[in-house]
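# A look at the structure
This is what each chain is made of:
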Amino acid sequence: DNKYPVSTIERSTTVQEGDVTLASPSEATKSNATKVEGTVQDLFNNDIESSITLEHADSEIDEPISEAYPVELELDLSRQPVIGGIVIQSPPDSEGAISTGEVEAELTDGETIDRYARTKKRRPFRSGATAMIDADGAILIDLKNQKPVKKIRIKVTGTVSEGNLAEISQVEFLGDMKDRIPP
């Protein structure tokens, strides 16, 4: 019935076709124009072989993805699910796997939660939320409290190969990070 499971575990949030769309670039991200190849369905079909690729839209930029030359993906969540955590996964053994980045969650009340992940250590924030890159390469954002989210912005500032192409194969929205079962 056109439902895409957002996670392989039972107590996760489920989205239906049309609940998540690629956002139009905001004024803030137009200066970091990103060419996106793939569809939203590639992120929610539980097939880690399908993915979305991100690269600089300006073909004259011959620089690797970095803090100076990031690529970004924005997802609009029309149903505005209440979530406690976000998991972002790259394909296994991908040279475009994310090694550093930032995830921003825009809540329905206008508040923005910004998390930066760059190490395999859990990094706490003033709000109690944490961000880390797991041993399997997944970026784990634990919001600590369940919050209604209307937009997610993923800003990639580095890949494992230090190249100019980033890949994301799956995004999971979890009701609670305790629900996550690592692969």
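Here the structure is a predicted model, which is why all the values come from computation and not from measurement.

## Side note on the overall build of the protein
Counting its secondary structure elements, the protein contains two helices and 14 strands. Among the 183 residues that make up the protein, the fraction classed as buried is 49%. Considering only residue pairs separated by 6 or more positions, the protein has 67% of its internal contacts joining residues 24 or more positions apart. Working note: accessible area of the protein is about 9,300 Å², and carbon and sulfur atoms make up 44% of it.

## Quick look at the nonpolar core
The biggest cluster of nonpolar side chains holds 33 residues, and the ones touching the most others in it are Ile86, Ile152, Ile168, Val171 and Phe173. Counting residues per element, this core draws most heavily on strand β12 (residues 139-159), which supplies seven residues. With residues near it in sequence (within four places) discarded, Ile168 still touches Leu43, Ser51, Ile52, Leu54, Leu73, Ile88, Gln89, Ser90, Ile98 and Ile154. Counting five residues, the second-largest nonpolar core is a separate cluster that includes Val87, Ala138, Leu140 and Leu174.

## Let's talk about the pattern of salt bridges
Inspection of every chain in the model, using the stated rule, returns eight salt bridges. Here Glu72 makes a salt bridge to Arg153, at a shortest N to O gap of 3.6 Å. Taken together, the positions of Glu72 in strand β6 (residues 71-77) and Arg153 in strand β12 put the pair 81 residues apart, joining distant regions of the chain. Exposure class is identical for Glu72 and Arg153. Each is buried.

## Topic: the sheet that holds strand β5 (residues 52-56)
Across a sheet, paired strands are connected by hydrogen bonds in the backbone, their directions being either parallel or antiparallel. Sheet architecture is open: three strands sit in the order β4-β5-β13, paired in antiparallel fashion. Looking along the sheet, the strands with just one partner apiece sit at the ends: β4 (34-37) and β13 (165-168). The sheet shows a mean angle of 25 degrees between the axes of neighbouring strands, taken without regard to direction. As defined by bridge partners, β5 adjoins β13 across four bridges and the pair is classed as antiparallel.

## Topic: the environment of Asp93
Looking at where Asp93 falls in the secondary structure, it is placed in the loop between β7 (82-89) and β8 (98-107). On the accessibility criterion, Asp93 (82% relative accessible area) is exposed.

## A few points about unusual backbone geometry
Negative phi is the rule for most residues except glycine; trans is the rule for most peptide bonds. Positive phi, normally seen in glycine, also occurs at Asp93, with a value near 60 degrees. Positive phi is not limited to glycine here, since Glu162 has a value of about 55 degrees. Positionally, Glu162 belongs in the loop between β12 and β13.

## A short note on the pairing of strand β14 (residues 170-174)
Taking burial as the measure, the five residues of β14 include five buried ones, the bulk of the element. Burial along β14 is two-sided: the residues Gln170, Glu172 and Leu174 and Val171 and Phe173 are all buried.

## Comments concerning the confidence of the model for the protein
For the protein, the average pLDDT comes to 76, and 73% of its residues sit at 70 or higher. Across residues 1-11 the pLDDT falls below 50, and counting only partners more than four positions away or on other chains, this stretch makes 32 contacts in the model. For residues 119-128, every residue scores under 50 in pLDDT, and the model assigns this stretch 23 contacts once sequence neighbours within four places are set aside.

## Examining the environment of Thr39
Mapped onto the secondary structure, Thr39 falls in the loop between β4 and α2 (41-44). With 14 residues separating them in the primary sequence, Thr39 and Thr53 have C-alpha atoms 9.6 Å apart.

## Points about the pairing of strand β9 (residues 112-117)
Sheet topology note: the β8/β9 ladder contains six bridges and is antiparallel. Residue pairing across strands places Ala105 opposite Ile113, the latter belonging to β9.

## Regarding the side chain of Glu102
If you trace the backbone, Glu102 turns up in strand β8. For Glu102, the contacting residues outside a window of four places in its chain are Asp114, Arg115, Tyr116, Arg153, Ile154 and Lys155.

The rules we used
Residues numbered from 1 in each chain as written. Predicted model: local features only at pLDDT ≥ 70, side-chain atom pairs only at ≥ 80, totals over all residues. Heavy atoms only, no water. Helix = DSSP H or I, 4+ residues; strand = E, 2+ residues; numbered from the N terminus. Buried < 20%, exposed > 50% of the residue type's maximum accessible area, 1.4 Å probe, protein only. Contact = heavy atoms within 4.5 Å. Areas by Shrake-Rupley, 256 points an atom, 1.4 Å probe, with all protein chains shown as cover. Core = buried A, V, L, I, M, F, W, Y, C linked by side-chain atoms within 4.5 Å. Salt bridge = Lys/Arg side-chain N within 4 Å of Asp/Glu carboxyl O. Pairing = 2+ DSSP bridges. Axes fitted to C-alpha atoms, helices over the stretch in contact; angles between N-to-C directions. pLDDT = per-residue confidence, 0-100.

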